[in-house]
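What follows is the residue order along each chain.
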Amino acid sequence: QVQLVESGGGLVQAGGSLRLSCAASGRTFSTYTMGWFRQAPGKEREFVAIIYWRNGSTGYADSVKGRFTISRDNVKNTVLLQMINLKPEDTAVYYCNANMGTLGMYWGQGTQVTVAS
């Protein structure tokens, strides 16, 4: 199976920056995409960013476009989310996601990002 471990969450002031990381371990030979979702209290989980493992193509939610950057380390099977100019509305639990093809879809436990106003 595949395990995902997120790190890098914390408390920052509005306008600050934070970098999240997600390391995949186990049967990771068939990674198609990795990405990030987030969920604020009382709200549904929403898409944030995605990266296609083979070619590095990326996609972003409109709400974070221009502020967040997703990147990958193929050797380490790690995805990063660089977050700048953070806003209070970015406050949420951020979840790492991995599409491992025939091995299925996996989720991390989540890491809390809190942006103070």
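Note: the structure precedes this text.
All of the points below concern the structure found in this document. The residue numbers shown here count from 1 along each chain, following its written sequence. Since the coordinates come from a predicted model, pLDDT governs what is reported: local features require at least 70, and pairs of side-chain atoms require 80 or more to be given and counted, while whole-chain, interface and lining totals use all residues. Heavy atoms throughout the structure, all of them, feed into the side-chain values; hydrogens and water do not.

**Some details on the overall build of the protein**
- A run of H or I in DSSP counts as a helix once it spans at least four residues, and a run of E counts as a strand once it spans at least two, with each numbered from the N terminus. Of regular secondary structure, the protein possesses zero helices and eleven strands.
- Traced from its N-terminal end to its C-terminal end, the protein shows the element sequence β-β-β-β-β-β-β-β-β-β-β.
- With the C-alpha coordinates of the protein rotated into their principal frame, the extents come out at 40 × 25 × 20 Å.
- Counting across all 117 residues of the protein, residues that qualify as buried make up 40%.
- Two residues qualify as a contact provided that any one of their heavy atoms is within 4.5 Å of a heavy atom in the partner residue. Long-range contacts, defined here as pairs at least 24 residues apart, represent 52% of the contacts in the protein between residues at least 6 apart.
- Total accessible area on the protein stands at roughly 6,300 Å², and carbon and sulfur atoms take up 49% of it. Whether a residue is buried, partly exposed or exposed follows from its accessible area with a 1.4 Å probe, protein chains only, as a fraction of its type maximum: under 20%, in between, or over 50%, in that order. Accessible areas in this description were obtained via Shrake-Rupley with a 1.4 Å probe; residue shielding takes into account the shown protein chains only.

**What about the nonpolar core?**
- Here, nonpolar core refers to any group of buried Ala, Val, Leu, Ile, Met, Phe, Trp, Tyr and Cys residues whose side-chain atoms link them within 4.5 Å. Membership of the largest hydrophobic core comes to 30 residues, with the highest contact counts inside it found for L4, M34, W36, V79, L81 and Y94.
- Elements supplying a minimum of two residues to this core: β1 (2–7), β3 (18–26), β4 (33–39), β5 (46–52), β7 (68–73), β8 (78–83), β9 (92–99) and β11 (111–116).
- Beyond its immediate sequence surroundings of up to four residues, V79 is in contact with L20, S21, C22, M34, W36, I51, W53, I70, S71, R72 and C96.

**Describing the pattern of salt bridges**
- The term salt bridge refers to a pairing of a side-chain nitrogen on Lys or Arg with a carboxyl oxygen on Asp or Glu at a separation within 4 Å. Within this structure, the stated rule accounts for four salt bridges.
- One salt bridge in this structure joins E46 and R38, with 2.7 Å as the shortest N-O distance.
- Using a relative accessible area of 5% as the deciding quantity, one classes R38 as buried.
- Salt-bridge contacts for R38 lead to D90; the nearest nitrogen and oxygen are separated by 2.9 Å.

**Thoughts on the sheet that holds β7**
- Strands pair, by our definition, only if DSSP identifies at least two bridges between them. The four strands are arranged β1-β3-β8-β7 in an open sheet whose pairing can be described as antiparallel. Looking at the sheet topology across the chains shown, the edges are occupied by β1 and β7. Recorded for the sheet is a direction-independent mean angle of 15° between the axes of neighbouring strands.
- Looking at chain direction, β3 and β8 are connected through six bridges and run antiparallel. Paired with C22 across the strands is V79, a residue of β8. As a rule, the C-alpha atoms of each element are fitted with a line to give its axis, helices using only the stretch in contact, and angles between N-to-C directions run from 0 to 180 degrees.

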